Amino acid sequence: MARVNRKKNTADQQIIPPRLILTVLTVIGVGMGYLGIRSRCEQLGSEIKKLESSCEINQRRLENEESKWAGLMTPRSIEEALTRHGLNLTWPRRGQVVRIYDSRANDLALVDMKDAVRFAELERVALNE
Amino acid sequence: MNKPGNLIGWLRKKLNGISRLWIVECLLLLAFGAVGARLVYLHAGPNEVRIQKAQDASEFTKSLVPFRGRILDGSRNPNILAISLGVHDICANPQMLTAATNTELAVSILSAYLKMSKEDVRYKLRFSDKKFAYVKRFVTRDISERLWTQITNNHIKGIYLEEATLRSYPQNNQACHVVGFVNNAGVGSLGVEMTLNSSLTGTAGVVKGMRDGKKHEIYTRRTEEIQPIQGDDVILTLDQQIQYFTEKALDDAMAQHSARAAWAVVQRCRTGEILAMASRPAFNLNEYGAETDMSRMTNRVLSVVYEPGSTLKPVTLALAFTEGLVTPETMFDCENGSWFYMGRILRDYHPYSRLSVADIIKKSSNIGTAKIALMMGDEKLHKGLRAFGFGRKQGVELPYEEYGILPRLEKWSGLSCSRIAIGQGIAVTALQMAGMMSAIANDGFLLKPYVVKSIASSDGKPRFTAEPVVLGRPIDSKVAALMRYLLARVTEEGGTGTRARVEGFKVAGKTGTAQKPVPGGYSETAYMASFAGFLPADKPEITIVVVVEEPQPYHTGGVVAAPVFAQIAEQTVRYLNLEPTEPVEGAPGAAAPAP
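As a starting point, this report considers the structure included with it. (Residues numbered from 1 in each chain as written. Chains lettered and ligands numbered in written order. Predicted model: local features only at pLDDT ≥ 70, side-chain atom pairs only at ≥ 80, totals over all residues. Heavy atoms only, no water.)

### Some points on the pattern of salt bridges
Tallied over the full model, the rule gives 34 salt bridges over all chains. Here aspartate 233 of chain B makes a salt bridge to arginine 70 of chain B, at a shortest N to O gap of 3.1 Å. Remark: arginine 70 of chain B occurs in the loop between strand 1 (59-64) and strand 2 (71-72) and aspartate 233 of chain B occurs in strand 9 (residues 233-236); sequence separation between them is 163 residues. The class for arginine 70 of chain B is partly exposed, based on a relative accessible area of 26%. A salt bridge links arginine 141 of chain B to glutamate 163 of chain B, with the nearest nitrogen and oxygen atoms 3.2 Å apart. In this pair, arginine 141 of chain B sits in helix 7 (residues 141-153) while glutamate 163 of chain B sits in strand 5 (residues 159-168), placing the two residues 22 residues apart along the sequence. Looking at glutamate 163 of chain B, the relative accessible area reads 54%, which means it is exposed. A cluster of three or more residues bridged by salt bridges with shared partners is formed by Arg61 of chain A together with Arg141, Glu145 and Glu163 of chain B. (Salt bridge = Lys/Arg side-chain N within 4 Å of Asp/Glu carboxyl O. Helix = DSSP H or I, 4+ residues; strand = E, 2+ residues; numbered from the N terminus. Buried < 20%, exposed > 50% of the residue type's maximum accessible area, 1.4 Å probe, protein only.)

### With respect to the interface of chain B and chain A
Across the boundary between the two partners, chain B contributes 69 residues, which contact 46 residues of chain A. A per-residue breakdown of the area chain B buries against chain A is headed by Tyr219, Tyr244 and Arg574 of chain B, which together make up 15% of the total. Where chain B touches chain A, the interface holds 4 salt bridges. A salt bridge links arginine 70 of chain B to glutamate 66 of chain A; its shortest N-O distance comes to 4.0 Å. Remark: the boundary between chain B and chain A carries 6 residue pairs in polar contact (both at pLDDT 80 or more). Taken together, the elements giving at least two residues each to the side of chain B that touches chain A come down to strand 3 (80-92), helix 7, strand 7 (217-218), helix 11 (240-257), strand 19 (470-472) and helix 20 (557-575) of chain B. (Contact = heavy atoms within 4.5 Å. Buried area = accessible area lost by both parts, 1.4 Å probe. Polar contact = N/O pair within 3.5 Å; in protein donor to acceptor, adjacent residues only side chain to side chain.)

### Here we look at the nonpolar core
Where a protein is soluble and globular, its nonpolar side chains tend to be buried together. All names here are of chain B. Counting 90 residues, the largest nonpolar core has Leu236, Leu381, Phe388 and Phe390 as its most contacted members. Per-element accounting of this core gives the leading share, 9 residues, to helix 18 (residues 430-441). The residues touching phenylalanine 390, leaving out its near neighbours within four places in the chain, are Leu312, Val315, Leu385, Leu406, Ile426, Val428, Gln432, Met433 and Met436. Core analysis: the next-biggest nonpolar cluster, separate from the first, contains 33 residues, Ala253, Val507, Phe565 and Leu578 among them. (Core = buried A, V, L, I, M, F, W, Y, C linked by side-chain atoms within 4.5 Å.)

### Overview of the sheet that holds strand 21 (residues 521-535) of chain B
Residue and element names in this part refer to chain B. Pairing is antiparallel in the open sheet, where 5 strands are placed in the order 11-10-22-21-20. Two strands close off the open sheet at either side, each with one partner strand: strand 11 (274-280) and strand 20 (508-518). Across the sheet, the axes of successive neighbouring strands diverge by a mean angle of 10°, strand direction being ignored. In terms of strand pairing, strand 20 meets strand 21 through 10 bridges, oriented antiparallel. Bridge assignment links alanine 514 to a residue of strand 21, and that residue is methionine 528. (Pairing = 2+ DSSP bridges. Axes fitted to C-alpha atoms, helices over the stretch in contact; angles between N-to-C directions.)

Shown next, in the form of structure tokens:
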């Protein structure tokens with residue numbers, strides 16, 4: 001009597017329903033996708049944090065440089081620098097200043113005074129008259 | 001029985017017949033049962049304290065400190081007067097550091113980079129049982145970053161950096177009384193830093209989220225993130241350049257006249273904007289803590305009251321013109337320099353017999369002015385002085401402004417009118433004097449002085465923009481024009497203020513020399529020299545008031561304060577590019593009228 005080969009299964013035993021395979025594959029796919037996205041999010045979060053930190057450091061550096069620049073640009077510093085380099089600058093004598101008038105000259109020369117003149121010309125209520 | 005071999009044999013005997021697989025299954029079941037029971041207990045059991053503890057360990061809340069807003073000057077390209085900087089505190093763990101083998105190397109590096117002696121560094125690390133010590137605070141990032149590179153390259157443990165904020169004032173002592181400073185608690189304590197503290201401070205932000213076992217933030221579990229709102233930027237009306245001219249002129253005057261103090265204010269008379277406000281002696285804003293002389297922190301322009309002397313005479317005359325009591329041609333007997341009135345003698349600096357009202361102001365006659373005031377009477381003079389803003393605050397956005405002293409009318413004696421009219425028995429601030437002069441320059445309109453031009457959020461959105469505010473109109477435009485004409489004569493030949501003249505401009509102003517009040521009378525040696533004026537006299541743009549306290553040996557306003565006025569005015573008109581109104585020698589087409 002021939003021995004039964006237990007390793008050899010029948011065709012019926014080997015069949016796994018395709019729907020089950022599909023479901024399992026889908027679940028695995030979704031799971032892998034989720035893990036991938038999650039990992040990507042973590043990575044992006046980490047990059048954002050690094051960039052935030054770098055941005056802040058650069059901002060602090062900029063402020064430091066601005067402060068230094070402001071210190072160098074004070075009239076006193078400029079005057080000291082000029083003296084250090086032997087440059088003795090003075091205002092031009094009145095006679096050396098030539099004023100050329102055109103239709104816009106007044107506006108340009110007195111641009112700072114524009115508002116002042118406007119306010120002076122306002123009709124105002126006299127409070128203590 | 002006690003031997004191990006016997007015990008194993010006994011167990012074999014007992015377990016004989018029982019499947020070993022069954023035993024393993026039981027053990028596994030028990031183990032999983034225990035774990036399951038523990039899980040059920042942890043999740044469903046009455047364990048709120050532990051849950052809270054676990055949450056506390058993983059959750060975190062971090063406060064985000066806002067940076068304080070900047071303070072800028074009002075020039076076309078605003079310059080930074082105050083800015084907050086991100087810096088580092090250099091900290092150490094003395095316990096760890098002293099136990100390490102490379103302690104001396106660490107001390108050397110710290111000493112070299114922080115510009116401290118090695119003894120100082122060792123002193124900071126002297127408590128070797130402690131785990132924390134500051135080595136140096138508020139170190140700028142360029143230094144701290146280079147230091148950190150050295151620390152890490154040399155594998156030194158026990159030194160670390162902490163983030164900190166430092167309020168920096170790049171101008172050091174320039175405009176120190178106006179800008180002010182922030183104390184160690186981060187609160188503004190003087191100047192604009194104090195009055196606009198809430199605008200400058202900003203609003204703190206917050207970050208809430210979860211941390212992992214290594215205390216690192218899990219970014220995907222950040223539950224709340226509110227960015228801090230940075231403090232607003234404050235733009236002042238001060239101009240760095242004009243401020244410098246003013247401070248330099250005061251420094252020169254202090255040195256030349258060995259004065260005790262000096263102060264000055266430059267105001268745009270058409271708007272009330274303060275272009276410069278300086279007080280000497282001053283202090284360095286970056287080292288305010290080291291200052292021992294607190295009087296250096298006093299903004300004398302608005303916090304010190306003084307007897308104005310003759311600089312108040314224009315008020316008396318303007319009020320007399322307003323009342324129609326006198327004209328510029330009205331003559332007064334000036335009693336040859338000595339007048340006995342109500343039991344007291346009033347003297348003139350130079351004796352005159354008869355002077356017109358126009359010359360009374362030009363020559364600064366006390367007797368003539370006192371007689372005009374007596375014609376006016378106490379009540380009108382008092383009311384007029386109040387209308388010009390004396391005895392009350394001007395309302396500038398700076399702390400510690402004084403009211404000045406204008407005695408109540410009921411307290412005036414028979415002599416008060418004649419003395420207050422010439423600037424005695426009344427105390428004023430330089431800011432009030434500037435307001436008075438600006439009112440004359442500005443057709444009689446008294447304007448509120450202001451130092452804050454605008455406030456803007458850190459992203460540049462405007463929050464506040466200043467506009468001129470009229471406080472009153474003590475005199476009308478005709479009287480103001482007349483006063484401008486008369487005050488311009490003061491700087492002409494024969495007047496007391498010739499040293500205040502500026503080439504190319506007609507200057508209007510008044511000198512003042514007042515003895516300092518001392519207990520029981522007036523000092524014979526200590527004087528207040530002052531000059532208040534504006535230019536150009538015909539079309540005024542800027543008002544300047546200069547006060548010098550106890551100048552030596554010269555003490556008159558005309559000799560001491562008027563040149564300071566001229567020095568400031570000369571440079572300011574050029575900087576502001578004001579067109580000369582008077583002929584200038586050698587200038588092509590001098591003073592040609594603009595089309």
